[in-house]
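Structural overview
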Amino acid sequence: MTYSQWQDVLDADALAVAKQLDELLPGPLHTLGLDGVRKFAAPTPPPRTTRVASVEDRTIAGVADGGNVSVPVRIYQPDRTTRAGALLYIHGGGFTVGSLDGVDELCRVIADEACCVVVSVDYRLAPEHPFPAAIIDVRAAYDWLRANSAELGVAPSQLAVGGDSAGGGLAASLCLDLRRRGIAQPVMQLLVYPAVDDQFTRPSWTEFKNAPLLDAGTAQWFWKQYVGDSPADLDELAVPMKAGSLAGLARAHIATAEVDPLRDDGEAYAAGLHEAGVAVRLQRYTGVFHGFFPEVQTYAKSRRAVLDACESLQLAFRLGSSAAIGQTSSRPRRDAIPGDLAFDGHTA
């Protein structure tokens, strides 16, 4: 990887970060090995600059697949008298790294700007806990949120789910899981450059195979940590793109980064939702690479993307859930989110 090859593509913020990565990494991230990747990805203490009313760390108990699970969560209450709803947020990190601290400032901004409660989930990580451990934890957290929403000051009908990268894939899987279990969909799924496919064949996998931070080899290494060596029998809960139908799922806000191997997968998932009759707001952010979204202190484009997501969340909370279980209509709904299947590339 060399940042110089992206000088004509990346914006100034992203180019500065790419240069730092060049100086810090001797090669692709995955060549550091598991311990090295985790050490490199460990977050510095979060800045905690955005004001919220309260932040509470809690471990919730749940039952999933016949077993008991304990899932750490961090609950952010907005500094407002009313709550529009609640968002279950799932951090990224290739299913292998990531933590509550890594998305702390991001969750504060979302709580403040969308005027909603944010419940951030610290799911179990691979390879020590491979698939389906992460989705089991996310399922337990969402079931807890549904059962305890009144305690948090929101109605159980005003819940959203979201995440970035691996977390975006898990958010998509959760919506499919809810449909499978006959449970009402959230008002919105926020999918930021989500990991939704395991084919690695769309053009962006070749065009950006040497992208900063997440090159194609590292992305596939992360996937192997999650599913192991024999993933042939994986279903939609691991690979959302394998779903036979995407009808009846929650309206979606999908954000992708221009310089990212995962870009075309996320945009293909957006197209699949749209074709299945799901309202989709799709935005590609130019000049940035994978991982930019939580870095609200680093990228101007990150702040823009988060504010766009909050705009969609606010509207989704106002509209409520309109995705009926088992919906089969192939006609796109156009009453939910502005910019339905439109690219809004931000250059500022």
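Data block above holds the structure.
Below or above, wherever it landed, is the structure these notes cover.

Glancing now at the environment of Val-9. Locating Val-9 in the fold gives a position in the segment before helix 1 (12–24). Given the relative accessible area of 32%, Val-9 is considered partly exposed. In this structure the C-alpha to C-alpha distance between Val-9 and Phe-289, which are 280 residues apart in sequence, comes to 10.0 Å. Excluding residues that lie within four positions of it along the chain, Val-9 makes contacts with Glu-258, Val-259 and Gly-287.

Let us now look at the nonpolar core. By size, the foremost hydrophobic cluster in this structure holds 116 residues, and its most contacted members are Leu-88, Tyr-89, Ile-110 and Tyr-269. Sort the elements by how many residues they give to this core and helix 4 (residues 133–148) lands first, with nine residues. When residues no more than four places from it in sequence are discounted, the contact partners of Leu-88 are Val-119, Val-121, Val-138, Ala-141, Tyr-142, Leu-145, Ala-160, Val-161, Gly-162 and Leu-174.

Attention shifts here to empty space enclosed by the protein. With a probe scaled to a water molecule rolled over the atoms, the places where space remains empty come into view. Counted by the stated rule, this structure contains one cavity of 30 Å³ or more. What the largest cavity holds in volume is close to 30 Å³. With three residues, helix 5 (residues 166–181) is the largest single contributor of residues to the lining of the largest cavity. Residue composition of the lining of the largest cavity, by class: seven nonpolar, two polar and no charged.

As a further point, take the packing of helix 4 against helix 5. Put simply, helix 4 and helix 5 touch, their axes get as near as 10 Å, and they point 65° apart. Classified by the angle their axes make, helix 4 and helix 5 are roughly perpendicular. Every pair of crossing elements has a handedness; the one defined by helix 4 and helix 5 is right-handed. Of the residues in helix 5, those touching helix 4 at Ala-134, Ile-135, Val-138, Arg-139, Tyr-142 and Asp-143 are Leu-170, Ser-173, Leu-174, Asp-177, Leu-178 and Arg-181. Among the residues forming the contact of helix 4 with helix 5, the class breakdown is seven nonpolar, one polar and four charged.

For the structure shown, the criterion picks out 12 aromatic pairs. Taking 6.5 Å as the distance between ring centres and 90° as the angle between the ring planes, the aromatic pair formed by Phe-292 and Phe-293 counts as edge-to-face. Across the pair, Phe-293 and Phe-292 agree in class, each one buried.

What counts and how
- Sequence order as written defines the numbering, with residues in each chain counted from 1.
- Only residues with pLDDT of at least 70 get local features here, since the model is predicted, and only at 80 or more are side-chain atom pairs given and counted; chain-wide, interface and lining totals rely on the full set of residues.
- Only heavy atoms go into the side-chain values, all of them from the structure, while hydrogens and water stay out.
- Counting from the N terminus, the helices are the DSSP runs of H or I reaching at least four residues and the strands are the DSSP runs of E reaching at least two.
- Remark: exposure states derive from per-residue accessible area (1.4 Å probe, protein chains only) relative to the maximum for the residue type, with buried under 20%, exposed over 50%, and partly exposed in between.
- Note on contacts: a residue pair qualifies if any of its non-hydrogen atoms lie within 4.5 Å across the two residues.
- For the purposes of this section, nonpolar cores are sets of buried Ala, Val, Leu, Ile, Met, Phe, Trp, Tyr and Cys residues that join through side-chain atoms within 4.5 Å.
- Using only the protein atoms, space was sampled on a 1 Å grid; points where a 1.4 Å probe fits but cannot get out form cavities, open sets with protein on both sides within 12 Å along at least five of seven lines form pockets, and lining residues are those with an atom within 4 Å of a point.
- Grid points are joined across faces, edges and corners, and a volume is the space filled by probe spheres set on the points.
- Here the nonpolar group is Ala, Val, Leu, Ile, Met, Phe, Trp, Tyr, Cys and Pro; Asp, Glu, Lys and Arg are the charged ones; every other residue, Gly included, is treated as polar.
- Only C-alpha atoms enter the line fits that serve as axes; for helices the fit covers just the stretch in contact. Angles between N-to-C directions range over 0 to 180 degrees.
- Note that the term roughly parallel is reserved for angles under 35 degrees, roughly antiparallel for angles over 145, roughly perpendicular for angles of 65 to 115, and oblique for everything else.
- For any helix crossing, the convention is left-handed if the near helix is rotated counterclockwise from the far helix by under a right angle, and right-handed if that rotation is clockwise.
- Aromatic pairs are defined between Phe, Tyr and Trp rings, using the six-membered ring for Trp, whenever the two ring centres lie within 6.5 Å; interplanar angles under 30 degrees are classed as stacked, those over 60 as edge-to-face, and all others as tilted.

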